[in-house]
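Listed here are the chains, written in short residue letters.
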Amino acid sequence: MGFLGNIFLEPTDVSFANVTFGEGTVNAVASDFYANLNGSPHPQNNFGGVGGCNVTTGCLVFQFDEVYTGTKGPPFSIGDFLWAIPWQYWVGSAARTQFATANHHQFTDATGKASIEKAGAGPFSKNASDPTSTY
């Protein structure tokens, strides 16, 4: 289960020049099909700078958000996985400040249909019989 995406910061009428964006650490809350991932840490990361701002899309974070939590085969069952990821910013050498929580949520049903969503994008789903891809 995974995704590759762009992050755009809002509000769209604010400049994020000189801001660095990153995500903080948090442990997963997972159950049933994903129970083996319960407590898995989301590492603190640094996506880097922000730019390309405009009033339509907001400001683009310069690095892709890429997540991959692995492959699990049958037998399939209902399962739930959540990282409530702290979104953080800082300027220069200042301390990180959390400004939002971006929920990374993935879930499965008993047929093997897997869905994923993050921070309001999605859910995006695939059935167990769908061809795999690297995005």
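Here goes a summary of the coordinates provided. (Residues numbered from 1 in each chain as written. Predicted model: local features only at pLDDT ≥ 70, side-chain atom pairs only at ≥ 80, totals over all residues. Heavy atoms only, no water.)

### Things to note about the side chain of Thr20
Moving on, step 1. Take Thr20: it is sitting in strand β3 (residues 19–23).
Moving on, step 2. Owing to a relative accessible area of 18%, Thr20 belongs among the buried residues under this scheme.
Moving on, step 3. Non-local contacts of Thr20, meaning those with residues more than four positions away in its chain, are made with Asn46, Gly48, Gln88, Tyr89 and Trp90. (Helix = DSSP H or I, 4+ residues; strand = E, 2+ residues; numbered from the N terminus. Buried < 20%, exposed > 50% of the residue type's maximum accessible area, 1.4 Å probe, protein only. Contact = heavy atoms within 4.5 Å.)

### Comments concerning the pairing of strand β11 (residues 97–108)
Moving on, step 1. The pairing of strand β10 (residues 79–91) with β11 spans 11 bridges and is antiparallel. If you follow Asp80 over to β11, its bridge partner there is Phe107.
Moving on, step 2. Strand direction decides the pairing type here: β11 and strand β12 (residues 114–118), joined by 5 bridges, are antiparallel. Looking across to β12, one finds that His105 is bridged to Glu117.
Moving on, step 3. The antiparallel pairing of β11 with β12 creates a hairpin that spans 5 residues between the two strands, and Gly112 there sits at a positive phi of about 95°. (Pairing = 2+ DSSP bridges.)

### A short note on the packing of aromatic side chains
Moving on, step 1. As enumerated under the stated definition, the model contains 9 aromatic pairs in all.
Moving on, step 2. A ring pair is formed by Phe21 and Trp87, whose centres lie 5.2 Å apart and whose planes are at 80°; its orientation type is edge-to-face. Of this pair, Phe21 sits in strand β3 while Trp87 is found in strand β10, placing the two residues 66 residues apart along the sequence.
Moving on, step 3. For Phe21, a relative accessible area of 0% translates into the label buried.
Moving on, step 4. Feature note: the residues Phe21, Phe47, Trp87, Tyr89 and Phe99 constitute an aromatic cluster, connected by ring pairs.
Moving on, step 5. Geometry around Phe33 places Lys72 over its ring, the cationic atom sitting 4.5 Å from the centre. (Phe/Tyr/Trp six-rings, centres within 6.5 Å; stacked < 30°, edge-to-face > 60°. Lys NZ or Arg CZ within 6 Å of the ring centre and 35° of its normal.)

### A closer look at a nonpolar patch on the surface
Moving on, step 1. A cluster of nonpolar side chains, contributed by Tyr89, Val91 and Phe99, occupies part of the molecular surface with about 260 Å² of accessible area.
Moving on, step 2. Looking at the secondary structure, you find Tyr89 in strand β10.
Moving on, step 3. Taking the relative accessible area as the measure of exposure, Tyr89 reaches 34% and is therefore partly exposed. (Patch = residues over 30% accessible without salt bridge, like charges linked within 9 Å, V, L, I, M, F, W, Y side chains within 5 Å. Areas by Shrake-Rupley, 256 points an atom, 1.4 Å probe, with all protein chains shown as cover. Salt bridge = Lys/Arg side-chain N within 4 Å of Asp/Glu carboxyl O.)

### Topic: the pattern of salt bridges
Think of it this way: side chains of opposite charge can pair up when their charged atoms draw near.
Moving on, step 1. Following the criterion strictly, the structure yields 2 salt bridges and no others.
Moving on, step 2. Across the pair Glu23 and Lys118 runs a salt bridge whose closest N-O atoms are separated by 2.6 Å. One end of the pair, Glu23, is in strand β3; the other, Lys118, is in strand β12, and 95 residues separate them in sequence. The two residues Glu23 and Lys118 agree in class, both being buried.
Moving on, step 3. With a shortest N-O distance of 2.6 Å, Asp65 and Lys118 are connected by a salt bridge. You can see Asp65 sitting in strand β9 (residues 65–68) and its partner Lys118 sitting in strand β12, a full 53 residues away along the chain. We note that Asp65, like Lys118, is buried.
Moving on, step 4. When salt bridges that share partners are traced, they join Glu23, Asp65 and Lys118 into one network.

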